Amino acid sequence: MSNNIKEDLQLFNELINTFLEDEQSNPISESISPSEVFDILDITLNNSPAIDADFQLALKDLLLKSPKSSSKLFFNQLFGGRHSKAVLGDLLAVFLNNSMATYKIAGPQVAVEKEILSQVYSLIGFDENAGGTFPTGGSMSNFMSLVMARDKVNLEIMDKGINEKLIAYTSENSHYSIAKNASFTGIGRDNVRYIKSDEQGRISIKELNQQVEKDITNGFVPFYINATAGTTVLCAFDNVKELAPICKKHNIWLHLDGAFGGSVIFSDKYKHLVKGINESDSFCFNAHKTLGAPLSTSILVVKDKHDLYNSFNNDATYLYQTHDEDFNLGQTSFECGRRNNALKFWTMWKAIGTNGIAKIVEHEFSLSDTARKYVNSNSDYTLYSFKDSLSVCFNYKDFDPEDLCTKLYESNTLMVGFGHFHENRFVRLVTINGENTHEDLKHFFNVLEKFANENADSIKRIS
Ligand SMILES: *Cc1c(COP(=O)(O)O)cnc(C)c1O
């Protein structure tokens, strides 16, 4: 088989056209169980090459039978939809195949990344001392912030290991990457304090204060507080404004994990949810979650670029042969060879402007308002979430949320997940697809209700 880019681009176009048509008529792909997947699809690799026809058929099948994460019935994850301009940028990045490590190999793509970062600094009130990078995702952004906070306690930790009794704080509702990152950084999972949240899922400032004071009394060194802008289940926003003085008082690094909800920085109407963000030491958000950019588009910014440089720079004379560290981005990144994840966000931003991004964010909040209103005004439903959130958590009648969501998936009807908060378990609808309309949301509820009622006998009930 030939290695011919022009031919394969033609094939690409054909496949994508088929896929897009299929996405309209079959928004949920037929679910295939792991035990059958190798039998149903032609996935096995062989010693000899495939013939053209088989190859094309295998590809088409694989495409059409993969979960359709951009369809109108996909609400399962915190990403969804696809902004065409972002997809265009990402395809171009694949073609260019620059690595973002140095200016010599990435050239103007470095400027593309720097322009996005500097726009973000000014949106959140960081000055020209700020730094930033595009890590592989929110988990990695959080990891990098923890490394910087650790090294800031004592730069010798990088060479000698940790001798201090370091303690990190986060809410009970924060992302699971915090625990993993504590392990990776040598802090240790047991040295993360999970602080209780209030009834709306925000970290309790009072409990946090008490725990910090107690730890200091016991000879520990509080060094890192992770606040969340949009907790993964409820999409609650921790109060950064009230956390900042605690951090200042005890010299604690304040990180704001906005992987889910951080894109509110674009909207004049919703940026109050991260009030005080300019007082944080680092902040991240995922454009691949709420803004329709392909996975992954995660942005980490740091108030003082020296912190990023101190923790992630390492001499490498075989790599850094021209230009200075300001344009050799590898000196402030985790990876060496690094994919260009900036171009897709730049193409989108350039095409629709900052105002266009704000509109996406505001539209998603208005979708969640519509959904909450629907749930609230219908006595068959119980609502568990709050205003100013992109998560709408509910139960329908007394159907067990886990069983309902699983059966919706197994019957190829609807993809939506479930979650829990304190003692309640519920269905979690997320309005993170800016391409959805208010009608699409109505359709979601209609599909769910129809399925639940038609299968009422087989779906478990909440006891
Ligand atoms: C999704 C999420 C993350 C992880 O982001 P990835 O890009 O999936 O690694 C971190 N924090 C929060 C609050 C999230 O919702």
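Residues numbered from 1 in each chain as written. Predicted model: local features only at pLDDT ≥ 70, side-chain atom pairs only at ≥ 80, totals over all residues. Heavy atoms only, no water.

In this section: the overall build of the protein. Broken down by element type, the protein carries 16 helices and 12 strands. Per-residue burial over the protein gives 51% buried out of 463 residues. Across the protein, every contact between residues at least 6 apart in sequence was considered, and the portion connecting residues at least 24 apart equals 73%. Looking at the protein as shown, the accessible area adds up to about 22,100 Å², and 50% of this sits on carbon and sulfur atoms. Across the protein, the mean location of the 45 positive side-chain charges is 4 Å away from that of the 59 negative side-chain charges. (Helix = DSSP H or I, 4+ residues; strand = E, 2+ residues; numbered from the N terminus. Buried < 20%, exposed > 50% of the residue type's maximum accessible area, 1.4 Å probe, protein only. Contact = heavy atoms within 4.5 Å. Areas by Shrake-Rupley, 256 points an atom, 1.4 Å probe, with all protein chains shown as cover. Lys, Arg positive; Asp, Glu negative; His and termini not counted. Charge placed at Lys NZ, Arg CZ, Asp CG, Glu CD.)

Pairing of strand E3 (residues 166–171) with strand E4 (residues 192–195), which is carried by 4 bridges, proceeds in the parallel orientation. Residue pairing across strands places Thr170 opposite Tyr194, the latter belonging to E4. As for the winding sense of the linkage, the β-α-β connection from E3 through helix H9 (residues 177–184) to E4 is right-handed. (Pairing = 2+ DSSP bridges. Right-handed = clockwise from strand over helix to strand, strands pointing away.)

Next up on the list: the site of the ligand. Surrounding the ligand, one finds 15 residues, the nearest of these being Gly138, Ser139, Asp257, Asn286 and Lys289. At 3.2 Å from an oxygen atom of the ligand is found a side-chain nitrogen or oxygen belonging to Thr232. A distance of 3.0 Å is found between an oxygen atom of the ligand and a side-chain nitrogen or oxygen belonging to Asn286. Among the elements of the structure, helix H7 (138–153) and helix H12 (287–290) are those that each provide at least two residues to the shell around the ligand. With 3 residues, H7 is the single largest residue contributor to the shell around the ligand. Across the shell around the ligand, the residue classes tally to 3 nonpolar, 10 polar and 2 charged. (Near = heavy atom within 4 Å. Polar contact = N/O pair within 3.5 Å; in protein donor to acceptor, adjacent residues only side chain to side chain. Nonpolar A, V, L, I, M, F, W, Y, C, P; charged D, E, K, R; others polar.)

Take the pairing of strand E10 (residues 391–396) next. For E10, the tally of buried residues reaches 6 of 6 residues, placing the bulk of the element in the interior. The alternating pattern of E10 places Ser391, Cys393 and Asn395 and Val392, Phe394 and Tyr396 on opposite faces, both of which are buried. The pairing of strand E9 (residues 381–383) with E10 spans 3 bridges and is antiparallel. Within the sheet, the bridge partner assigned to Thr382 lies in E10 and is Asn395. Here E10 pairs with strand E12 (residues 424–430) via 4 bridges, running antiparallel. Pairing of Ser391 across the sheet is with Val430, part of E12.

All right, on to the pattern of salt bridges then. Evaluated as defined, the whole model comprises 22 salt bridges. In this structure, Arg82 engages Glu23 in a salt bridge whose closest nitrogen and oxygen atoms are separated by 2.8 Å. Taken as a pair, Arg82 in the loop between strand E1 (74–75) and helix H4 (84–96) and Glu23 in helix H1 (residues 5–25) lie far apart in primary sequence, 59 residues in all. Judged by relative accessible area, which is 29%, Arg82 ranks as partly exposed. Look at Glu23 and you get buried, because its relative accessible area is 10%. For Asp268, the salt bridge goes to Lys271, with nearest N and O atoms at 3.0 Å. On the accessibility criterion, Asp268 (64% relative accessible area) is exposed. Via salt bridges that share partners, Asp90, Arg339 and Lys344 belong to a single interconnected network. (Salt bridge = Lys/Arg side-chain N within 4 Å of Asp/Glu carboxyl O.)

Before going further, it helps to spend a moment on the sheet that holds E9. Strand order in the open sheet formed by 5 strands is E1-E11-E12-E10-E9, and the pairing between neighbours is mixed. A single partner strand is all that each edge strand has here, and the edge strands are E1 and E9. Here E1 pairs with strand E11 (residues 415–421) via 2 bridges, running parallel. Within the sheet, the bridge partner assigned to Phe74 lies in E11 and is Met415. Sheet strands touched by helix H15 (residues 401–410): E10, E11 and E12. Its angle to E11, the strand with the most contacts, is close to 165 degrees. (Axes fitted to C-alpha atoms, helices over the stretch in contact; angles between N-to-C directions.)

This part covers the sheet that holds E3. The strand order E2-E8-E7-E6-E5-E3-E4 describes an open sheet built from 7 strands, whose pairing is mixed. The strands lining the two open edges of the sheet, one partner per strand, are strand E2 (131–133) and E4. Sheet twist, expressed as the mean angle between neighbouring strand axes with direction ignored, is 20 degrees. In this sheet, strand E8 (residues 298–302) lies alongside E2 in antiparallel orientation, the contact comprising 3 bridges. Paired with Thr133 across the bridge in E8 is Leu300.

Attention shifts here to the packing of helix H10 (residues 205–217) against helix H11 (residues 240–250). H11 packs onto H10 with a crossing angle of 10 degrees between their chain directions and a minimal axis gap of 11 Å. Accordingly, the angle class assigned to the pair H10 and H11 is roughly parallel. Contacts from Ile205, Leu208, Asn209, Val212, Glu213 and Ile216 in H10 reach Glu242, Leu243, Ile246, Lys249 and His250 in H11. Each residue belonging to the contact of H10 with H11 can be placed in one class, and the counts come to 6 nonpolar, 2 polar and 3 charged. (Parallel < 35°, antiparallel > 145°, perpendicular 65-115°, else oblique.)

The subject of this paragraph is H7. The first and last C-alpha atoms of H7 sit 23 Å apart over 16 residues, in line with the 22 Å expected at 1.5 Å per residue. Counting buried positions along H7 yields 13 of 16 residues, so the element is predominantly enclosed. (Expected span 1.5 Å × (residues − 1).)

On to the side chain of Asn226, then. Tracing the backbone through its elements, the reader meets Asn226 in strand E5 (residues 221–228). For Asn226, a relative accessible area of 0% puts it in the buried group. A polar side-chain atom of Asn226 sits 2.9 Å from a polar atom in the side chain of Thr170.

All quantities given are derived from atomic positions and should not be read as evidence of function.
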